[in-house]
Structure formats: structure tokens, C-alpha cells
Amino acid sequence: MKKSTSLVKHTIALEDKFKPYMNAQRVSCVDALRGFDMLWIVGGGEVLVSLQKAAPSALTANLAGQFEHVWGEFHFFDLIMPLFLFVVGVVMPIAFAKRIKKGMQKRDLYVHVLKRAAALYILGLITQGNILALDIATLKLLTGALHAIAIGYLFSAILLLEVNNAWQIVITGCLLLLYWLMMALVPVPGQGAGVFTPTGNLALYVDDKVLGHFQEGAGWTYIISSMTFVCSVMLGVFAGKILFSGTKPGRKVLALGVTGIACLLGGKVWGIWLPVIHHLWTSSLVLLAGGWCFLLLALFFLIMDVWGRQKWAFPFIVMGANSIAVYVATQIFDFKVIALVFVKGLAQWTGAWFPTVLALSALILIWWILYWMYRKKIFIKI
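Described in the following lines is the structure provided in the data block.

What counts, and where the lines are drawn
Residues numbered from 1 in each chain as written. Predicted model: local features only at pLDDT ≥ 70, side-chain atom pairs only at ≥ 80, totals over all residues. Heavy atoms only, no water. Helix = DSSP H or I, 4+ residues; strand = E, 2+ residues; numbered from the N terminus. Rg over C-alpha atoms; globule rule 2.2 N^0.38 Å. Contact = heavy atoms within 4.5 Å. Lys, Arg positive; Asp, Glu negative; His and termini not counted. Charge placed at Lys NZ, Arg CZ, Asp CG, Glu CD. Phe/Tyr/Trp six-rings, centres within 6.5 Å; stacked < 30°, edge-to-face > 60°. Buried < 20%, exposed > 50% of the residue type's maximum accessible area, 1.4 Å probe, protein only. Lys NZ or Arg CZ within 6 Å of the ring centre and 35° of its normal. Polar contact = N/O pair within 3.5 Å; in protein donor to acceptor, adjacent residues only side chain to side chain. Core = buried A, V, L, I, M, F, W, Y, C linked by side-chain atoms within 4.5 Å. Patch = residues over 30% accessible without salt bridge, like charges linked within 9 Å, V, L, I, M, F, W, Y side chains within 5 Å. Areas by Shrake-Rupley, 256 points an atom, 1.4 Å probe, with all protein chains shown as cover. Salt bridge = Lys/Arg side-chain N within 4 Å of Asp/Glu carboxyl O. Expected span 1.5 Å × (residues − 1). Axes fitted to C-alpha atoms, helices over the stretch in contact; angles between N-to-C directions. Parallel < 35°, antiparallel > 145°, perpendicular 65-115°, else oblique. Nonpolar A, V, L, I, M, F, W, Y, C, P; charged D, E, K, R; others polar. Left-handed = near helix turned anticlockwise from the far one by under 90°.

Our next topic: the overall build of the protein chain. The helix and strand inventory of the protein chain stands at 17 helices and 0 strands. For the protein chain, the C-alpha radius of gyration of 22 Å lies close to 21 Å, the compact-globule estimate for 382 residues. The dimensions of the protein chain, computed from C-alpha atoms along their principal axes, are 80 × 60 × 45 Å. Excluding contacts between residues fewer than 6 apart, the proportion of contacts in the protein chain whose partners are at least 24 apart in sequence is 71%. Across the protein chain, the centroid of the 31 positively charged side chains sits 13 Å from that of the 16 negatively charged ones.

Here it is in C-alpha cells:
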């Protein structure tokens, strides 16, 4: 009897926590924002970068430069992966609320979370971990966006299920501070403390010692950075709570916008002491990128769901409806090989523009496949 009573209390507590989102409806701006993000991941960036070779100029050089990761600098490309994690967090409150409304208990939710995190991890091994090569010498145990999402999603789910809103904010802030203190105060043998060079920082040292040749390489880090992966997802969770609350639409836009500006300022100021470095996923990067994510969500929500202007975003919605599927597909297959079958005859006519034609053709091919899936209501979820 005591066990049964305890279970009822936990169920009620869980329902109370997610009650504000129980009857919330998904808004199209989230799929559109996810699709906007995927556009640059699956080929949009390559199209713009190819313009520099076709028509070199200051403008095309600046565009191409925005799609490079440069140590200690923040470019548009440095926003793409944080936005991926952010959108994962945005839908978590409503996704959990709907499962609870259907009668799922906490242990059921944890089973779902663990399965999803495991699936994301395995897909990460397939897409960027080289597991399909069946060669242990090339295997990478922590690598790429899907592994960052798996880690961020798993621990964000625990926070979402176990502690209240105030503690979620406090813990997220503490994780950002803890990362900073570790990187600033813990000395690296032969380098000292507070070093943020590509080869002499604590996060890279820990990955090297723990993962050895199984680490990704090229300066990317995952073990200490796992703390800040969680923070990027949690910023999305906080945005989702605003977006799916019962507040008036105008106030939602204002709250998202103000929070975004606050994060931008926080990231800029923190960057004075803790550099904004994408490879290390520094706390300042989390806030700076998170600020832009909040502002983009506010803009998409304002235009699409407040003003009702949605037709322009349909191409993004199509891409966002199967985001994980298209990400995995484009990591495994080179769609330019297929596109080349249709456009190779244009090479003689387009000259230096042919790489742009090919990259654009591959992007269109990807979109048409996704459009066919959308029309057939084929949505691959994990």
C-alpha cells in the first residue's frame, strides 16, 4: 500500500510539473527553425562557399569565411551546432507533457530517454565515428553533433524530470561556472592553468588521456565539454517553457527576445575572460550562441505564429520534419554523386560555376526527397 501511495504521489507531482504544457500545441516555427538549421548542415553552406571560387570578391570571401570554424572567433557556422542542440531542448517540455498525459510514468520516461540517447549515440558512431569501417584504429568514441545531442539530451531530461524550474536554472548556471573554473584553475602538465590554445587546454588534455586514439582529434573536445552541451540543451528547454506556456503571444516574443539579448551580452562579457571557442564549447560560446538561438526562435515565432505568415517557411518545415534522418543520410551518402548524373552535361557550359551548380543540385535533390517523405507523411523519429 505504501509503495502504491508513493507511486501516486510521484505521478501527481510529475503531472503538476508538466501541467502548463499538457494542452499546448506544437507550433510550426519550431520545425521551420530546425529546417533552417538543417539547410546549412546538409548543403546550403557548401553552396555559398563555392561562390568564392566561381566569383571571387570581398562579398563572397566574407560569405565563405562565415562557414569556417576559426579558433577564438565566432562565425555564423559556429551557431549551427548549438542551434541543433537548442531546438532539441525546445520541444522537450511539450514532448514529455504529452507522454505523461498518455499515462507514462517516470520510469517509462526514463526508458524512453535512455533508448533515444543510445540510438543517437549509435547513429553518431555510424555517421562520424567510423564504426562501419570495422577498423578499431579509426574508431572515434565521442564525435560529432549526434553525440553532443545524446549527452545534452540525457542529462537535460534528468534535470527536467527531477528538479523544479528554479533548480534547473541554478544547476545550468553552476555547470557553466564549473566549466570555467576547471578550465581556468586546473593546470595542464607542461602548459599551466588557464591555457586556451588549440593544443594546450585542459579539455583536450582530458580527452587525450581518457580516450587516447579514440578521440575525434582536430582540437574538438567532449568529456569536460559535456557539461556545456547540457547547458545548450537546457537553454532550449527554458525557451520551450516560454514558447509553450499559456502566456499571450506578444509576451512570449518579448520574453524570448529579452532572454536572447541577455545571453548575448553575457556571452560577450564572459568572453573577455573565457574565450568563445567552438571546439571547446566554452561557457561564453554557450551564452553567445544561445542568445542568437533565442532571438531566432522569437523571430520565427513572431512571423509565423503571431503574424500568421507561414508560406515562406514551407521549405524549412519540410527539412525540419525529418531532421535526424536527413542529417544521418547526408553524413553517410554524398548526394553530389547522384546529382552529377543529372547535371554533368552542364560542366562545359558553366565552367567555374559548375561546383556551385553541383552543390545546389545536390541540395535540391535532398529537399525533393524530404518533400516526398513529407507528402507521404513519412516522419522518422528517434
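Time to look at the packing of aromatic side chains. One pass over the full model with this rule turns up 23 aromatic pairs. Ring centres of Phe 314 and Trp 367 lie 6.5 Å apart, and the angle between their planes is 75 degrees; on these two criteria the pair is classed as edge-to-face. Residue Phe 314 is found in helix α13 (residues 314–320), and its partner Trp 367 is found in helix α17 (residues 354–375); the two are separated by 53 residues along the sequence. Note on Trp 367: relative accessible area 18%, which makes it buried. Among the aromatic residues, those joined into a ring-pair cluster are Phe 36, Trp 40, Phe 67, Phe 76, Phe 77, Phe 300, Trp 312 and Phe 316. In this arrangement the basic side chain of Arg 116 is found over the ring face of Tyr 153, its NZ or CZ atom lying 4.7 Å from the centre.

Mapping His 75 onto the fold places it in the loop between α3 (58–65) and α4 (77–90). What makes His 75 buried here is its relative accessible area of 13%. Within polar-contact distance, the side chain of His 75 engages the backbone oxygen of Gly 65 at 2.9 Å. Of note is the side chain of His 75, whose polar atom sits 3.2 Å from the backbone oxygen of Glu 68.

Among the secondary structure elements, Gly 190 is positioned in the loop between α8 (165–185) and α9 (202–211). Counting along the chain gives 10 residues from Gly 190 to Gly 200, while the straight-line C-alpha distance between them is 8.5 Å.

Soluble globular proteins: nonpolar side chains tend toward being buried together. With 124 residues, the main nonpolar core has Phe 18, Phe 86 and Leu 243 as its most contacted residues. Looking at this core element by element, the count peaks at 13 residues for helix α12 (residues 283–306). Beyond its immediate stretch of four places on either side in the chain, Phe 86 contacts Ser 232, Leu 235, Gly 236, Ala 239, Gly 290, Cys 293, Phe 294 and Leu 297.

Moving on: a nonpolar patch on the surface. A contiguous nonpolar surface patch, about 430 Å² in accessible area, is contributed by Val 337, Ile 338, Val 341 and Phe 342. Within the fold, Phe 342 resides in helix α15 (residues 335–343).

Moving on: the environment of Phe 76. Tracing the backbone through its elements, the reader meets Phe 76 in the loop between α3 and α4. Taking C-alpha positions, Phe 76 is 41 Å from Ala 13, a pair spaced 63 residues apart along the chain. Excluding its chain neighbours within four sequence positions, the residues that come into contact with Phe 76 are Phe 36, Trp 40, Gln 66 and Phe 67.

Relative to the 32 Å expected for 22 residues at 1.5 Å per residue, α17 spans 31 Å between its end C-alpha atoms, a close match to the ideal helical length. All of the buried residues in α17 are Phe 354, Thr 356, Leu 358, Ala 359, Ser 361, Ala 362, Leu 363, Ile 366, Trp 367, Leu 370, Tyr 371 and Met 373. Contacts made by the buried residues of α17 are with α2 (28–54), α13, α14 (323–332), α15 and α16 (347–350).

It is worth spelling out the packing of α15 against α17 at this point. With their axes 8 Å apart at the nearest point, α15 and α17 run at an angle of 110 degrees to one another. Judged by the angle between their axes, α15 and α17 are roughly perpendicular. Of α17, the residues touching α15 (which contributes Phe 335, Lys 336, Ile 338, Ala 339, Leu 340 and Val 343) are Phe 354, Leu 358, Ala 359, Ser 361, Ala 362, Leu 365, Ile 366 and Ile 369. Taken together, the residues that form the contact of α15 with α17 break down as 12 nonpolar, 1 polar and 1 charged.

This next bit is on the pattern of salt bridges. Applying the stated criterion across every chain, the model contains 4 salt bridges. Residues Glu 162 and Lys 106 are paired through a salt bridge, measuring 3.4 Å at the closest nitrogen-oxygen approach. Of this pair, Glu 162 sits in helix α7 (residues 144–162) while Lys 106 is found in helix α6 (residues 106–127), placing the two residues 56 residues apart along the sequence. A relative accessible area of 24% means that Lys 106 is categorised as partly exposed. Lys 336 is the partner of Asp 334 in a salt bridge, and the nearest nitrogen-oxygen pair spans 3.4 Å. Overall, Asp 334 belongs to the partly exposed group, its relative accessible area being 41%. Look at Lys 336 and you get partly exposed, because its relative accessible area is 23%. It is possible to trace a salt-bridge network through shared partners that takes in Glu 46, Asp 334 and Lys 336.

Here we take up the packing of α4 against helix α10 (residues 226–243). Where α4 meets α10, the axes come as close as 6 Å, and the angle between the chain directions of the two elements is 45 degrees. One element, α4, and the other, α10, form an angle in the oblique class. Along this stretch, α4 crosses α10, giving a crossing that reads as right-handed. From α4, Leu 85, Phe 86, Gly 89 and Val 90 reach across to α10, where they touch Phe 229, Ser 232, Val 233, Leu 235, Gly 236, Val 237, Ala 239, Gly 240 and Leu 243. When its residues are assigned to classes, the contact of α4 with α10 shows 9 nonpolar, 4 polar and no charged.

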